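# A closer look at the structure
Chain residues, written in single-letter form:
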Amino acid sequence: MDFKQLSYSLKDLDETKGVVIAYANAYNFKDADEDISAYGSFEKSVNENFKRIRVLKDHNPREMIGVPLSIDTKDTYGLLTTTQFNLNKPLGKDMFTDVKLMHDNGLNAELSIGYKVMRRDEKNRNLITEYKLMEYSFLSSSACQ
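Residues numbered from 1 in each chain as written. Predicted model: local features only at pLDDT ≥ 70, side-chain atom pairs only at ≥ 80, totals over all residues. Heavy atoms only, no water.

## Topic: a positive patch on the surface
We count it as follows: Patch members must show over 30% relative accessible area and no salt bridge, and they are joined within 9 Å when carrying like charges or within 5 Å when they are nonpolar side chains of Val, Leu, Ile, Met, Phe, Trp or Tyr. Reported accessibility uses the Shrake-Rupley method at a 1.4 Å probe radius. Residues are deemed covered only where the shown protein chains occlude them. The term salt bridge refers to a side-chain nitrogen of Lys or Arg lying within 4 Å of a carboxyl oxygen of Asp or Glu. Residues scored as charged are limited to Lys and Arg (positive) and Asp and Glu (negative), so that His and the chain ends carry no count. By convention, charge coordinates are those of NZ in Lys, CZ in Arg, CG in Asp, or CD in Glu. Runs of H or I in DSSP of at least four residues are treated as helices and runs of E of at least two as strands, each being numbered from the N terminus.
Residues R52, R54, K116 and K132 make up a contiguous surface patch of positive charge. Mapped onto the elements of the fold, K116 is located in strand β8 (residues 109–120).

In structure tokens, the structure reads:
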């Protein structure tokens, strides 16, 4: 599994419910690996495997911090996630309060996807046309771990 990180201001945060709306990936943007995610590249994976996609802390499969309520693959900017943090679990509550603190102080939340590339464009190998999304993570630092 590979990882891609995105630093982005949260779109919305509901403190009473522990819900965060944020982008986990951006379309048509050249990332640090020189890859570009094509619009629609997550659609098949999310449609077929939504119930298996996890929300983790720092890509650690033993540290689930919440569940995806929805993943919008048709947003024109990127992969828009709505996450319910598990506020009954110390790990989930701690990560949510860290995300809120960053948001309240004008800092970007760091999100990263765990994926496999299923298909690339024949002519432009940097353009990923299909992903298999396995998880997305809220990061406790600005570097993928």
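Alright, that's what it looks like, and here's the rest.
## Re the pattern of salt bridges
Heads up, the condition is: Throughout this description, buried means an accessible area under 20% of the type-specific maximum (1.4 Å probe, protein chains only), exposed means over 50%, and partly exposed covers the range between.
Under the counting rule described, the total for this entry stands at seven salt bridges. A salt bridge links K100 to E15; the nearest nitrogen and oxygen atoms lie 3.6 Å apart. Of this pair, K100 sits in helix α2 (residues 90–104) while E15 is found in the loop between β2 (12–14) and β3 (19–26), placing the two residues 85 residues apart along the sequence. Note that E130 is salt-bridged to R119, the shortest N-O span being 2.7 Å. Linking E130 in strand β9 (residues 127–138) with R119 in strand β8, this pair joins segments that are 11 residues apart in sequence. Among the residues examined, E130 registers a relative accessible area of 11% and is labelled buried. A relative accessible area of 49% places R119 in the partly exposed class. Each of the salt bridges in this network shares a partner with another, and the network as a whole consists of E15, K100 and D104.

## Focus: the nonpolar core
Taken as a class, soluble globular proteins show a tendency for nonpolar side chains to be buried jointly. Rules: By nonpolar core we mean a set of buried residues, namely Ala, Val, Leu, Ile, Met, Phe, Trp, Tyr and Cys, connected to one another through side-chain atoms within 4.5 Å.
Core analysis: the largest hydrophobic core is formed by 26 residues, its most contacted members being V20, F42, L79, I113, L133, Y136 and F138. For this core, the secondary-structure elements that each account for two or more residues are β3, β6 (60–72), β7 (78–85), α2, β8 and β9.

## Re the pairing of β3
Our working definition: By the convention used here, strands pair only if DSSP detects at least 2 bridges between them.
By the criterion of burial, β3 is predominantly enclosed, with seven of the eight residues buried. With three bridges connecting them, β2 and β3 associate as antiparallel partners. In the strand pairing of β3, L13 is matched with V20. Both β3 and β7 contribute to a ladder of seven bridges, which runs antiparallel. Bridge assignment links A26 to a residue of β7, and that residue is G78.

## Thoughts on the pairing of β9
Bridge analysis of strand β4 (residues 36–37) against β9 gives two bridges, and the strand direction is parallel. For I36, the partnering residue across the bridge sits in β9 and is L127. Strand direction decides the pairing type here: strand β5 (residues 54–57) and β9, joined by four bridges, are parallel. The residue bridging V55 from the neighbouring strand is Y136, located in β9. The loop that links β8 with its antiparallel partner β9 comprises six residues.

## Quick notes on a nonpolar patch on the surface
Side chains of M64, V67 and L69 sit close together on the surface and give an oily, nonpolar patch of about 230 Å² of accessible area. By the element assignment, M64 lies in strand β6.

## Remarks on the side chain of T81
Heads up, the rule is: For the purposes of these results, a polar contact is taken to be a pair of N or O atoms within 3.5 Å, where, inside protein, one atom must be able to donate a hydrogen and its partner to accept one; residues adjacent in sequence count only when each atom of the pair is a side-chain atom. The contact definition used throughout considers only heavy atoms, calling two residues in contact when any of these lie within 4.5 Å.
Examined against the element boundaries, T81 turns out to sit in strand β7. Judged by relative accessible area, which is 0%, T81 ranks as buried. A polar contact is formed between the side chain of T81 and the backbone oxygen of A22, at a distance of 2.7 Å. The contacts of T81, once residues within four sequence positions are left out, are V20, I21, A22, A24, S70, I71, L111 and Y136.

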